[in-house]
Amino acid sequence: ELGKHDEARTAFDAARKASADYPGATIGLARLVLMNRDTATATQLIEQAAKAHPDDVSLLLFQAGLQRAQGNVQGALGLYGKVISVKPGDVNARLARAEVEIGLNKLADAKADIEAARKTALNTLPVLQAQAHLDYVEKKYSAARDGVQQILRAAPEHKPSLLLAGATELALGSSQQAEQYLKKYTEEDSDNRFANKLIVNAGLLDGQADRAVSFVDAALKKLKSEKAIVDE
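Residues numbered from 1 in each chain as written. Predicted model: local features only at pLDDT ≥ 70, side-chain atom pairs only at ≥ 80, totals over all residues. Heavy atoms only, no water.

1. Here's the deal with the overall build of the chain
Here's step 1: For the chain, the helix and strand inventory stands at 13 helices and zero strands.
Here's step 2: The proportion of buried residues among the 232 residues of the chain is 38%.
Here's step 3: Accessible area of the chain: about 13,300 Å², with a carbon and sulfur share of 52%. (Helix = DSSP H or I, 4+ residues; strand = E, 2+ residues; numbered from the N terminus. Buried < 20%, exposed > 50% of the residue type's maximum accessible area, 1.4 Å probe, protein only. Areas by Shrake-Rupley, 256 points an atom, 1.4 Å probe, with all protein chains shown as cover.)

2. Remarks on the layout of surface pockets
Here's step 1: In this structure, the second largest pocket encloses a volume near 250 Å³.
Here's step 2: In terms of residues, the lining of the second largest pocket owes the most to one element, helix α6 (residues 91–103), which gives four residues.
Here's step 3: Each residue belonging to the lining of the second largest pocket can be placed in one class, and the counts come to six nonpolar, three polar and two charged. (1 Å grid on protein atoms, 1.4 Å probe; cavity = no way out; pocket = protein on both sides within 12 Å on 5 of 7 lines; lining within 4 Å. Points joined across faces, edges and corners; volume = space filled by probe spheres on them. Nonpolar A, V, L, I, M, F, W, Y, C, P; charged D, E, K, R; others polar.)

3. Notes on the nonpolar core
If you look at soluble globular proteins, the nonpolar side chains tend to sit buried side by side.
Here's step 1: Ranked by internal contacts, the top residues of the largest apolar core, which has 17 residues, are Leu163 and Leu198.
Here's step 2: Within the residue set of this core, elements represented by two or more residues are α9 (141–154), α10 (159–171), α11 (175–186) and α12 (193–205).
Here's step 3: Considering every element that reaches this core, the biggest residue donor is α10, with six residues.
Here's step 4: Sequence-distant contacts of leucine 198, defined by excluding residues within four places in its chain, comprise Leu163, Ala167, Leu170 and Leu182. (Core = buried A, V, L, I, M, F, W, Y, C linked by side-chain atoms within 4.5 Å. Contact = heavy atoms within 4.5 Å.)

4. Some words on helix α8 (residues 125–137)
Here's step 1: Helix length check: α8, at 13 residues, gives a terminal C-alpha distance of 18 Å against a target of 18 Å (1.5 Å per residue), a fit within 8%.
Here's step 2: Here α8 has its buried residues at Val127, Leu128, Gln129, Ala130, Gln131, Ala132, Leu134 and Asp135.
Here's step 3: Residues of α8 that are buried sit in contact with α6, α7 (107–121), α9 and α10.
Here's step 4: Where α8 terminates, the next one or two residues include lysine 139, which has phi positive at roughly 65 degrees. (Expected span 1.5 Å × (residues − 1).)

5. Digging into the packing of helix α2 (residues 23–35) against helix α3 (residues 39–52)
Here's step 1: For the pair α2 and α3, interaxial distance at closest approach is 8 Å and the crossing angle is 170 degrees. Between α2 and α3, the angle is such that the two are roughly antiparallel. Seen from α2, the contacting residues are Thr26, Ile27, Leu29, Ala30, Val33 and Leu34; seen from α3, they are Thr39, Thr41, Ala42, Leu45, Ile46 and Ala49.
Here's step 2: Residues of the contact of α2 with α3, tallied by class, amount to nine nonpolar, three polar and no charged. (Axes fitted to C-alpha atoms, helices over the stretch in contact; angles between N-to-C directions. Parallel < 35°, antiparallel > 145°, perpendicular 65-115°, else oblique.)

Honestly, that's just the spatial picture; any functional story needs more than this.
Below you can see the structure in the form of structure tokens.
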């Protein structure tokens, strides 16, 4: 967390020497190599540890996250299901699986997982976030707005909720409010295409076509500049 990656690697390696298959040390090392975008090594580390500890919930969740990040949503679904079979009350697995199910339009399954999570975690922020996302996808925009506002009152900088708030306000026709949320979101994630598309749509809805065109032009210039750097 302090950016001292060499010291972190030394500590994780020492922990693994003391206990070669200790899941916590392996997950820590995998997180470290992922910071260097070495997905292959992270995957190999976790798969080896999972062979030794096939029912370790922390390993299964990390492995599912890796699968999801690489676009293997079916593999992620299977791993979340395995976590739930080992630990039915695991809120993280329930809500993560619900998010994947929403993406796959398996909305009834997502609703069931959110309800199961709510029995354990009540209306905590992760549960509210998942429910608001489901409401948005089901076009229950007023309900989605109510849910996301509850989150932002407690955590005004919560990035996923800022993005969802912007999308929800835009769907409800509140373009200026949507743009405020979205611009706040893009302060830290300026390359998010979905957020940028929503900002353009907000400008068009507000009758500010020139501003929308300027925003698109700036985004395109940035993309061309980044491509030139990569090509070099």
